[in-house]
Structure formats: structure tokens, C-alpha cells
Amino acid sequence: MVRQFSPWKVLTRRKHLQPDGSEGESKLNRVLGLWDLTALGVGSTLGAGVYVLAGQIAKDQAGPSVMISFAIAALASLLAGVCYAEFGARVPKAGSAYVYSYVCIGEFVAFVIGWNLILEYVIGTASVCRGISLYLDSLLNDTLKNTFAEVAPMNVSFLGSYFDFLAFGLVVVFGVALAFGVETSTMANNFVTCLNIFILGFVIIAGAIKADFSNWSVDPSTVSTNSTIGSGGFFPYGFEGTLRGAATCFFGFVGFDCIATTGEEVRNPRKNIPKSILLSLLIIFLCYFGVSTVLTLMLPYYLQDANAPLPYAFEYVGWPVAMWIVTVGGLVGLMASLFGALFPLPRVMYSMAQDGLLFRFLGKVSPRFRVPVTGSIVAALFTAAIAGLFDLAQLVSLLSIGTLLAYSVVAISIMLLRYMDYCDVEECPGQREVRASETTSLTSSTERFTFGSVCTQLFNVHRVQEPNAISSRIVGVLATLFCLLSLGVGVLIMQAHHLIASKEIWALTLLSILVLLVFLVILLICLQPREARRRLFRVPFVPIVPAISIFINIYLMLQLDSWTWIRFGVWMIVGLSIYFFYGLPNSYREMKRQRAGWQKLKYSDRL
């Protein structure tokens with residue numbers, strides 16, 4: 001008779017991998033190489049941001065120090081990038097952060113992350129399509145807007161003022177192209193991305209020719225303008241303005257994580273995924289840094305055009321030909337960004353459907369094209385409807401929650417995996433067979449947990465060299481405690497920064513206690529035994545690098561407004577309904593089937 005499973009075991013069960021980190025041969029077509037992945041990461045990130053973001057931040061937040069803001073944001077993104085790179089090497093599966101959290105934390109957290117990745121990619125794609133429509137409309141004197149408003153007006157408060165047929169059509173066309181030919185679509189993306197980089201290179205070189213270093217040392221007393229120009233100089237809004245600009249610049253680097261969703265379509269994924277993530281981040285940073293530098297050298301920061309800074313800058317210096325080249329470049333960059341935003345969406349849905357957490361038909365792979373055709377078309381139609389119906393000005397902030405939550409969970413997973421008893425993550429032949437179908441992060445031990453054993457292992461008194469169930473659980477609790485302390489530090493800095501700056505005793509004391517506790521938690525994690533070194537790419541300085549990444553992500557999430565969290569809650573209610581009424585019963589049946597199989601195998605061995 002098969003023993004019943006508790007709901008907790010089902011919610012916290014983890015995905016099993018073979019010793020090589022895979023689940024077997026991929027059903028998808030392995031056609032992507034290193035340069036395909038790099039172009040995908042660069043194209044999905046260097047969209048409208050590089051043509052708009054630098055001017056906005058220079059004018060309103062950082063001034064000429066916007067280049068430093070991009071450097072700080074690049075460092076923060078690199079911390080998340082190296083975590084993705086290690087998991088891409090260790091777990092080369094479609095699904096990105098969803099699969100990583102399924103391996104390390106458990107099914108419920110994995111579903112939450114996967115559902116938020118779907119939100120991120122849907123809104124990201126829809127916003128890019130709206131951007132293309134508005135961009136073209138600005139060149140056509142609002143012809144599209146007036147036509148659509150006349151043909152299909154919408155008078156609903158939470159929808160757009162008209163149905164955007166161009167945005168709808170763009171998603172459908174790109175989605176169908178991706179569904180029936182990854183290789184051909186990737187070649188087109190490579191071409192568009194190379195053209196985009198070429199145009200940005202032209203901007204940097206042409207802008208350097210027209211550079212005037214006096215624009216970095218503006219004296220406010222000599223300027224007559226209605227704009228707010230701060231105190232002038234290189235840091236007109238102080239270093240605080242540079243840091244605020246870095247928080248905004250961070251979202252300019254969002255998009256490289258789409259590389260991690262391609263694990264089952266990449267040749268030699270263990271080497272190509274880490275290399276492409278780091279290479280794409282380097283190219284993205286150089287483009288942002290170069291463009292922001294020449295932009296503030298060509299004209300003073302207070303004269304920047306917030307909506308179209310690059311065309312305006314070239315018009316300002318008297319180069320109309322360059323202005324039109326940059327205008328075309330903006331459209332090219334948006335096209336590449338659309339491909340990069342839409343590409344990972346059906347891959348995440350495919351991975352979740354294969355695990356039974358989403359409807360199975362979304363994971364059906366076409367035997368001819370070796371692509372999840374049904375999932376790709378459904379994803380395209382759903383995204384197209386969102387792009388056509390909604391005015392996305394307020395919904396764009398939802399991108400931030402999905403991305404930052406995914407970044408945080410990947411960093412936590414790296415921390416847990418490095419200190420985890422490896423037999424709890426991968427199948428160990430001949431060991432723990434009976435419980436292999438029900439492994440969870442809290443019920444996987446064979447050792448006895450006593451107060452004495454936990455305290456001894458907490459300080460690693462016996463200098464244990466290999467992870468065990470007790471040390472793995474201690475690291476899990478400490479990682480959770482670190483997240484809560486980081487949340488406390490972030491809330492205190494946000495709500496009481498003026499009191500801290502004015503040296504209020506209670507605020508400084510509370511901040512000091514929280515910071516000391518954070519360092520103590522990290523120190524205790526460092527004392528725990530780690531897994532044996534592997535030849536795959538690894539994040540350096542664990543747990544410090546993942547800990548810094550987690551804190552940055554939590555702090556940035558705290559910057560989001562309350563309406564963003566309300567919309568996020570509505571999206572999660574829909575997702576949790578699907579999980580508890582469809583995904584959870586599937587997982588329960590799968591665990592029963594696996595347990596029955598193991599018991600049958602044990603019985604046959606005895607005979």
C-alpha cells in the first residue's frame with residue numbers, strides 16, 4: 001500500500017537531476033552557439049534604454065556623472081549575472097530561474113518564480129511593441145494614433161484609449177516566426193543586433209569628435225534657464241543623485257537573463273551559457289558607458305531631451321545626417337529588443353508544462369520543428385492582446401518585481417547549492433532510493449537533529465569538510481535570516497535615512513545592530529562545509545557575492561510603489577489558483593507514481 005504524502009512534502013519537493021546536471025536528452029533542437037546567445041542577450045537589453053535612458057538620468061538625476069551611475073549598475077548586474085552563469089553551467093535546462101529554484105529550494109517557490117518570469121516577459125514584450133508603435137507614430141505625425149482611435153476607440157478606465165493594431169500585429173508576426181524556425185529567427189536577430197551595435201559605435205565615435213569637456217564643469221551662476229540644474233560640475237545633484245541614477249540604470253541591464261532560458265537549445269551549454277552571459281554584460285556596459293559619456297560631452301546635461309536625447313544632441317551640434325542615422329538606430333534597437341523579450345517566454349512555459357505545473361499542451365514539442373509550437377503561439381496571442389489593449393505606462397514597473405525576485409532567488413539558490421549535501425540534489429545511485437521521490441529541503445536528513453548537534457555544526461567545531469544534512473539545513477535557515485535582516489536594513493534606510501544622516505542615536509544603534517547581525521550570519525555561513533570544487537564555472541567569493549546581490553535586489557524592490565505591489569498581488573492570485581487546482585494535484589500523483597515504482601523495484605530486488 002502506498003503511503004500518503006503531506007501537502008508540505010509536495011510543496012517543497014525538489015527536481016532531481018542526473019549526476020551530470022541534466023534530466024536526459026533534450027527534446028528541443030540544439031542550434032544556438034556562443035555568438036547567437038551573446039546577440040540574444042545584447043539585443044534584448046540594448047533596446048529603447050540606450051537611446052532614451054542616458055539622457056533622462058543625466059538631466060534629472062545624475063548630470064555628467066551618469067557614466068558612473070551606469071558603472072555602478074553594471075557591477076550590480078554582474079553580481080546577478082555570475083549567479084546565472086554558474087547555474088547555466090550546472091543546470092543547462094530550459095526555464096532559467098524557475099529550474100534553478102526547483103533544484104535548490106522547492107516546487108512552490110519554483111512556481112512563484114516561473115509565474116513571475118512569465119509576467120516579466122509578457123509585459124516586457126508588450127511594452128516594446130507599444131514603444132515601436134509610438135516611435136513610428138512620432139515620425140508619422142500621429143497618423144497611427146489618430147487612425148486607431150477612429151477605428152477602434154476604447155472608453156474603459158484601465159485600458160488604453162484605443163486598440164493598437166500595430167503592436168498586436170508585431171507580436172503575432174514575431175511569435176509565429178519564432179514558433180516555426182529558431183535558427184532562421186536567430187540569424188535575423190544576429191543581423192539586427194550587429195546593426196544596432198554598429199550604430200551605437202557610430203554614435204560614440206561621432207560624439208567624441210564633437211566633445212566639449214567644459215560641459216562637465218558647468219557653473220550654475222552663468223546659466224539662465226528655467227530647468228533645475230543643481231549645483232553644476234560633474235556631480236550637480238551630489239553623489240546621492242548618482243546613486244539614484246544607478247538604481248534607474250540597473251533596469252537598463254534587464255534582459256540578459258533570457259540567455260538562461262535557452263539551455264536545451266544550445267550547443268555545449270556548460271561553456272557557452274556562462275561565456276555568453278558575461279560577454280553580453282560587457283558589451284552592454286561598454287555601449288551604455290560610451291553613449292552616456294559622449295552625450296554629456298556634446299551638450300550640457302540640463303539641455304538634454306528626456307524623450308529623444310541622441311537625435312537632439314546631434315541636431316544641437318549641427319549634424320542632421322547623424323540625427324537621422326540615430327533615429328533609425330532607435331527603431332532597429334527596439335526590433336532586437338522585441339525578439340529578445342519574446343524568445344524566452346514559451347521556453348519558461350514549456351519547462352513548467354513539462355513538470356505538470358502548467359497545462360500540458362503548452363509543453364508539446366513539434367517533432368518537425370523541435371520547438372514548443374503550441375506554447376509559442378499561445379504566448380504570442382496572449383502577449384499580443386495585452387500589447388493591443390493596455391496602456392502600459394503604469395504596468396512597466398511590474399517588470400521590476402518579476403526581474404528582481406528572480407535575481408534574488410537565483411542568488412539564494414547559489415548560496416544553498418554551494419553548501420548543500422549533494423545527495424539531496426542529484427540522484428546518488430544506491431543511496432536513499434526510497435525517499436528519492438519525496439526529497440524536500442526540510443525532510444531530507446537521516447541524521448538526528450538535536451540542540452547539541454546543531455550548535456556544534458553551527459560553529460563547525462569538528463571542522464567537517466563535506467556538507468551533510470545538518471549543515472545544509474543550517475545554511476538554509478541562515479540564508480532565510482539574512483534575507484529578513486536585509487529587508488530590515490532596507491526598510492530602515494528608506495524610512496529613517498534623514499534620522500541616520502542627522503545622527504539620531506536610536507536610528508544609528510538599530511542600524512548598527514542589524515548590520516552586525518548581517519555580518520554574523522555571513523560569517524556563520526562561511527564556517528559551514530562546502531561541496532567539492534568542480535571544473536565548471538563557479539561564482540567567486542560565495543557567500544559574499546550572492547549576499548550583496550540579494551541585498552541590492554531587496555533594496556530596489558522596496559523602491560516600488562504600492563500600486564505595483566497590488567497589481568503584483570492580483571497576478572499572483574491568478575497563478576496560485578492554477579497551481580493549487582492543477583499543478584499541485586499533478587505533483588501529488590507524480591510522487592505517488594514514483595513511490596509506487598520504488599517500492600515495486602525494492603520488492604523485485606528482494607525476490
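Overview of the structure.

Analysis parameters
- Residues numbered from 1 in each chain as written.
- Predicted model: local features only at pLDDT ≥ 70, side-chain atom pairs only at ≥ 80, totals over all residues.
- Heavy atoms only, no water.
- Helix = DSSP H or I, 4+ residues; strand = E, 2+ residues; numbered from the N terminus.
- Contact = heavy atoms within 4.5 Å.
- Patch = residues over 30% accessible without salt bridge, like charges linked within 9 Å, V, L, I, M, F, W, Y side chains within 5 Å.
- Areas by Shrake-Rupley, 256 points an atom, 1.4 Å probe, with all protein chains shown as cover.
- Salt bridge = Lys/Arg side-chain N within 4 Å of Asp/Glu carboxyl O.
- Buried < 20%, exposed > 50% of the residue type's maximum accessible area, 1.4 Å probe, protein only.
- Polar contact = N/O pair within 3.5 Å; in protein donor to acceptor, adjacent residues only side chain to side chain.

1. Some thoughts on the environment of phenylalanine 361
With respect to the helices and strands, phenylalanine 361 occurs in the loop between helix 14 (344-354) and helix 15 (373-389). The spacing of phenylalanine 361 and tyrosine 350 is eleven residues in sequence and 8.9 Å in space, taken between C-alpha atoms. Filtering out sequence-adjacent residues up to four positions away, phenylalanine 361 remains in contact with Thr374 and Val378.

2. Considering a nonpolar patch on the surface
On the surface, a nonpolar cluster with roughly 620 Å² of combined accessible area is contributed by Phe459, Val461, Ile513, Leu517, Leu520, Leu523 and Leu527. Position of leucine 517 relative to the elements: it lies in helix 19 (residues 505-527).

3. Overview of the pattern of salt bridges
Taken as a whole, this structure holds six salt bridges when the rule is applied. In this structure, arginine 418 and glutamate 86 form a salt bridge, with 2.4 Å as the shortest nitrogen-oxygen distance. Residue arginine 418 is located in helix 16 (residues 398-418), and its partner glutamate 86 is located in helix 4 (residues 66-90); the two are separated by 332 residues in the primary sequence. Judged by its relative accessible area of 0%, glutamate 86 falls in the buried class. Ionic pairing is found between aspartate 164 and arginine 130, a salt bridge with its closest N-O pair at 3.6 Å. Taken together, the positions of aspartate 164 in the loop between helix 7 (143-151) and helix 8 (165-179) and arginine 130 in helix 6 (residues 107-139) put the pair 34 residues apart, joining distant regions of the chain. When its relative accessible area of 0% is taken as the criterion, aspartate 164 is described as buried. The network of salt bridges with common partners includes Glu86, Arg418, Glu531 and Arg538.

4. Some details on the side chain of serine 65
Its place among the elements puts serine 65 in the loop between helix 3 (48-62) and helix 4. Owing to a relative accessible area of 0%, serine 65 belongs among the buried residues under this scheme. Reaching out from serine 65, the side chain makes a polar contact with the backbone oxygen of alanine 62 at a distance of 2.6 Å. The contacts of serine 65, once residues within four sequence positions are left out, are Phe234, Phe235 and Thr242.

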